[in-house]
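Each chain, letter by letter, is given below.
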Amino acid sequence: MGAFQDRTTAIYLAIWMVMNIATVILNKYLFQELHFNYPISLTIVHMVTCSVGSFLVLRTFNITPLQPVPLPDIGMRILPLAVLFCSNIVLGNVSLRWVPVSFMQTVKSSVPAFTVILQVLIFRKSFSRDTYLSVIPIVGGVVIASYTEANFNAMGFWSALVASIITALLAIVTSLLLTQKLDAINLLYYMAPLSATMLVPFAHHLEWHDMTTKWEHYGQMQAAFILVISGCIAFLLNVTTFLVIRKTSALTYTVAGNFKVVFSIATSVAIFKNEIGIFNMVGCIVALLGVMWYNHIKLVESQQKQPAPVEKV
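Sequence order sets the numbering: in each chain, residues are counted from 1 along the sequence as written. This being a predicted model, a pLDDT of at least 70 is required before a residue's local features are given, and a value of 80 or more before pairs of side-chain atoms are given or counted; all residues contribute to the totals for chains, interfaces and linings. The side-chain numbers reported here are obtained from all heavy atoms of the structure, hydrogens and water having been left aside.

### Brief notes about the side chain of S195
So, point 1. Strands are runs of DSSP state E lasting at least 2 residues, helices are runs of H or I lasting at least 4, and numbering of each runs from the N terminus. Its location among the elements puts S195 in helix α8 (residues 184-214).
So, point 2. Between buried and exposed lies partly exposed: a residue is buried under 20% and exposed over 50% of the maximum accessible area for its type, with that area taken using a 1.4 Å probe on protein chains only. Judged by relative accessible area, which is 0%, S195 ranks as buried.
So, point 3. With residues up to four places along the chain from it excluded, the contact list for S195 reads M47, A82, F85 and C86. In this description, contact between two residues means that some pair of their heavy atoms is separated by no more than 4.5 Å.

Structure representation (structure tokens):
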């Protein structure tokens, strides 16, 4: 039984890793190779696909139980999270349109730094000395990578940076607003339809006229096929994230997350052949080492807070 569970966990982790990398690479392919330059519309496709997928998982096939949320809580608690959730994804896609995956991933590694900064500035929370020290290589690495990035673009950089701030804010706000514990699939079930609905007016105003006039340029069926595949992979990513969190330990998930970033960068460089200088690579490595240090500190602190097991007499 133990060996079977280990193999199952390894399979979940492998699929989760592949889904993470595939989502980023496919989105970049749409922007760079097909010139489908509509990040809001791409996000809507993802949200609609995730809405349908989560409905099938929870309502049709009953793979995991649906957790009912009262209507007032949807408006007061889920809606603010949905705003942050879709803003984060849109900005990530905007960044991918303008800069290489490697640079975007490096900038987004600044999330732990912003998590600390926001909690200190807004909530007056204090952290251990090691936590503050771990922020230094994260920030320093991002600065080095940004300053030496051969394909630097201001829009791509600021979109990734603001997305990092929103990601940190989303994690903080989620812990404050969600009094009811929702797993990833249930949270997606409530947030994805709200996110898609909120984005429609922006896409209609900013993208749809241009997209419809240029649709033939994208190879119509090819672009539509890749959009649908990208949406399905985005949903599968959420499902596998749910499974990995449920089936593995916090340590395994944290280590896998660190390797995921490394593999994403390596895969994108191999596919898109974007230029990476020596100092750019050094900045990326320094930032990732800072993230690993920060994650290790948080993991140790969370384990120390857990109550010791009671010995049976």
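### Quick look at the packing of helix α2 (residues 39-60) against helix α3 (residues 71-98)
So, point 1. Relative orientation of the contacting elements α2 and α3 amounts to 130°, with a least axis distance of 9 Å. As summarised for this structure, α2 and α3 are arranged oblique, according to the angle between their axes. The element α2 and its partner α3 pack so that their crossing is right-handed. Contacts between α2 and α3 involve P39, I40, L42, T43 and M47 from the first element and F85, C86, I89, V90, N93 and V94 from the second.
So, point 2. Polarity classes work like this: nonpolar for Ala, Val, Leu, Ile, Met, Phe, Trp, Tyr, Cys and Pro, charged for Asp, Glu, Lys and Arg, and polar for all others, with Gly in that last group. Among the residues making up the contact of α2 with α3, the classes are represented as nine nonpolar, two polar and no charged. Each axis is a line fitted through C-alpha atoms, taken for helices only over the stretch in contact, and angles between the N-to-C directions span 0 to 180 degrees. Angles below 35 degrees are treated as roughly parallel, those above 145 as roughly antiparallel, those between 65 and 115 as roughly perpendicular, and all remaining angles as oblique. If you view the pair so one helix is near and one far, a crossing is left-handed when the near helix is turned anticlockwise from the far one by less than a right angle, and right-handed when it is turned clockwise.

### With respect to a nonpolar patch on the surface
So, point 1. Each patch is built from residues lacking any salt bridge and having more than 30% relative accessible area; the joining distance is 9 Å for like charges and 5 Å for nonpolar side chains (Val, Leu, Ile, Met, Phe, Trp, Tyr). Working definition of accessibility: Shrake-Rupley area with a 1.4 Å probe, residue cover restricted to the visible protein chains. The working definition used for a salt bridge is a side-chain nitrogen of Lys or Arg within 4 Å of a carboxyl oxygen of Asp or Glu. A surface patch of nonpolar side chains, amounting to about 600 Å² of accessible area, comprises F259, V262, F263, M281, I285, L289 and M292.
So, point 2. Elements with a contribution of two residues or more to the nonpolar patch: α10 (250-272) and α11 (278-305).
So, point 3. When residues in the nonpolar patch are grouped by element, the largest group, four residues, is from α11.
So, point 4. One can find M281 in helix α11.

### Thoughts on the nonpolar core
Note on soluble globular proteins: their nonpolar side chains tend to be buried together.
So, point 1. Counting residues in each nonpolar core, the largest one holds 33 residues, and the members touching the most others are L30, F36, L96, M104 and V107.
So, point 2. Listed by contribution, the elements that provide at least two residues to this core are α1 (2-32), α4 (101-108), α5 (111-123), α7 (154-177) and α9 (221-247).
So, point 3. The residues touching L30, leaving out its near neighbours within four places in the chain, are H35, F36, L42, A223, I226 and L227.
So, point 4. One finds C50, L84, F85 and Y190 within the second-largest nonpolar core, a separate group that totals 30 residues. We call a set of buried Ala, Val, Leu, Ile, Met, Phe, Trp, Tyr and Cys residues a nonpolar core when their side-chain atoms join them within 4.5 Å.

### So, the pattern of salt bridges
Opposite charge on two side chains allows them to pair when their charged atoms are near.
So, point 1. What the rule picks out here adds up to three salt bridges.
So, point 2. The salt bridge involving R77 is made with D73; its shortest N-O contact spans 3.5 Å. Pair noted here: R77 and D73 are both in helix α3, with a separation of four residues, about one helical turn.
So, point 3. For D73, a relative accessible area of 24% gives the class partly exposed.
So, point 4. Between D130 and R129 there is a salt bridge whose closest N-O contact spans 4.0 Å.
So, point 5. You can call R129 exposed: its relative accessible area is 64%.

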